[in-house]
Amino acid sequence: MTELAHLFRELKAPAAAAALPKLADRAREQEWSYEQFLATVLKTETDSRESHGGQARIKTARFPARKTLEEFDFAFQTSLRRETVLHLGQLDFLAGKENVILLGPPGTGKTHLSIALGIRACLAGHRVQFRTATEWVALLADAQRSGRLDHELDRLQRIPLLIVDEVGYIPFDPQAANLMFMLVSRRYERASLIVTSNKPFSAWGEIFGDEITAAAMIDRLVHHAEILALKGDSYRLKDRDLAFGARSQALRLLPATRRVWGDPTEKVAKPYLLATEGVA
Ligand code: ADP
Ligand code: MG
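What you see is a predicted model; the values in this text were computed from it and never measured.

Chemist: Where do I start with the sheet that holds strand β3 (residues 161-167) in this structure?
Modeler: Backbone hydrogen bonds hold the strands of a sheet together, and the pairing may be parallel or antiparallel. With parallel pairing, five strands are arranged side by side in an open sheet as β2-β3-β4-β1-β5. Of all strands in the sheet, those bounded by a partner on one side alone are β2 (128-132) and β5 (225-229). Strand after strand, the sheet turns through a mean of 10° between neighbouring axes, direction not considered. Here helix α7 (residues 133-145) sits on the sheet and contacts β2 and β3; the angle it forms with β2, its principal contact strand, is near 105°.

Chemist: Looking at this model, I keep getting lost on the site of ligand 1. Mind explaining?
Modeler: Close contacts around ligand 1 come from 17 residues, with Asp73, Gly109, Thr111, His112 and Tyr235 the closest. Partitioned by chemical class, the residues of the shell around ligand 1 number five nonpolar, seven polar and five charged.

Chemist: Is there a simple way to think about unusual backbone geometry in this case?
Modeler: Glycine aside, residues mostly have negative phi angles, and peptide bonds mostly take the trans form. The backbone of Lys12 sits at a positive phi, close to 55°, despite the residue not being glycine. Structurally, Lys12 can be placed in the loop between α1 (3-11) and α2 (14-30). A tally of 10 C-beta atoms within 10 Å means that Lys12 is categorised as exposed. Backbone geometry at Arg62 places phi at a positive 60°, although glycine is not the residue there. Looking at where Arg62 falls in the secondary structure, it is placed in the loop between α3 (34-61) and α4 (82-88). On the basis of neighbour counts, which here come to 13 C-beta atoms within 10 Å, the residue Arg62 falls in the partly exposed class.

Chemist: Looking at this structure, how should I read the confidence of the model for the protein?
Modeler: Low-pLDDT portions of the prediction should not be read for the details of their coordinates. Residue-level pLDDT values for the protein average 87, and 85% of them are 70 or greater. Low pLDDT, under 50, characterises residues 245-280; the stretch is placed with 14 contacts to residues that sit more than four places away or in other chains.

Chemist: Would you explain the nonpolar core in this entry?
Modeler: Note that soluble globular proteins tend to have their nonpolar side chains buried in a common cluster. If you look at the biggest cluster of nonpolar residues, it comprises 46 residues, and the most contacted ones within it are Val137, Val164 and Met180. Among the elements that line this core, the one with the most residues is helix α6 (residues 110-123), at seven residues. If we ignore the near neighbours within four places in the chain, the residues touching Val137 are Phe172, Ala176, Leu179 and Met180.

Chemist: Can you help me understand the environment of Phe93 in this one?
Modeler: With respect to the element layout, Phe93 can be found in helix α5 (residues 92-95). On a C-alpha basis, the gap between Phe93 and Glu226 in space is 8.4 Å, while along the polypeptide they are 133 residues apart. With near-sequence residues (within four places) excluded, Phe93 lies in contact with Leu88, Glu98, Val100, Ser192 and Glu226.

Rules of the game
- Residues numbered from 1 in each chain as written.
- Chains lettered and ligands numbered in written order.
- Predicted model: local features only at pLDDT ≥ 70, side-chain atom pairs only at ≥ 80, totals over all residues.
- Pairing = 2+ DSSP bridges.
- Helix = DSSP H or I, 4+ residues; strand = E, 2+ residues; numbered from the N terminus.
- Axes fitted to C-alpha atoms, helices over the stretch in contact; angles between N-to-C directions.
- Contact = placed C-beta atoms within 7 Å.
- Near = placed C-beta within 6 Å.
- Nonpolar A, V, L, I, M, F, W, Y, C, P; charged D, E, K, R; others polar.
- Buried ≥ 20, exposed ≤ 12 C-beta atoms within 10 Å, placed from the backbone.
- pLDDT = per-residue confidence, 0-100.
- Core = buried A, V, L, I, M, F, W, Y, C linked by C-beta atoms within 7 Å.

Following this line, the structure appears as structure tokens:
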């Protein structure tokens, strides 16, 4: 083993070791200064560590899927201002220990955006944990049963971003509502939450089985928060809408006598949309 290979191994810098021969060639060709050469070699290593760290954080965050802000189609989701979302992507809200609340019907992109912001945070060096509201409650209930609730809330408080997905899909019993409230109030002004819900705040009393708990929780959640209200049709049905579009186009090609029934896409599309309403 050459002395350099040995030294890189001692330093645990495999990316720099791998890049060295090419960088040395380039440095000779382009007559880099010693400082420039050393900086480039070291930067190779720090870049690689950063991206590996990001990937490791993404893994431990337990996102249900990989989604990015770049993939988000703002032309489809017209109720959001692109600038608002891109600004959130700069992660100032994390530094300010503020929250992001995403409200809207199923399929409008709430989970997508929460993951995309979470992945941004991971890549920027922050720890993130993604769970559904039901999973958070189960985790906290477990800690409570074994007398570790306080310890668990303390541990979670040191994670800069927790994502609570799907508040409202399943109503909470009083213990669950109380645990959720504890999570929110512990993090208030100390660390960020992203919360998604398919129900407007006015229905949260029903979800939590108690108007007062719900009001106290909403108060803490929204005091320092960006609230995004998503509207519109489910993105999941987008391709089906396209299919209907294609179908009505095909029907226009039929002889006029076949079209006296009006536009059949109306009849098919409406009940279909109704039937899927409320489905996550
Ligand atoms: P919600 O959580 O609001 O029910 P999701 O975020 O799970 O909805 O979105 C459902 C699916 O549609 C996901 O695969 C998501 O990536 C996609 N999707 C939703 N809205 C958009 C959008 N505006 N642009 C691109 N993909 C979207
Ligand atoms: Mg969702």
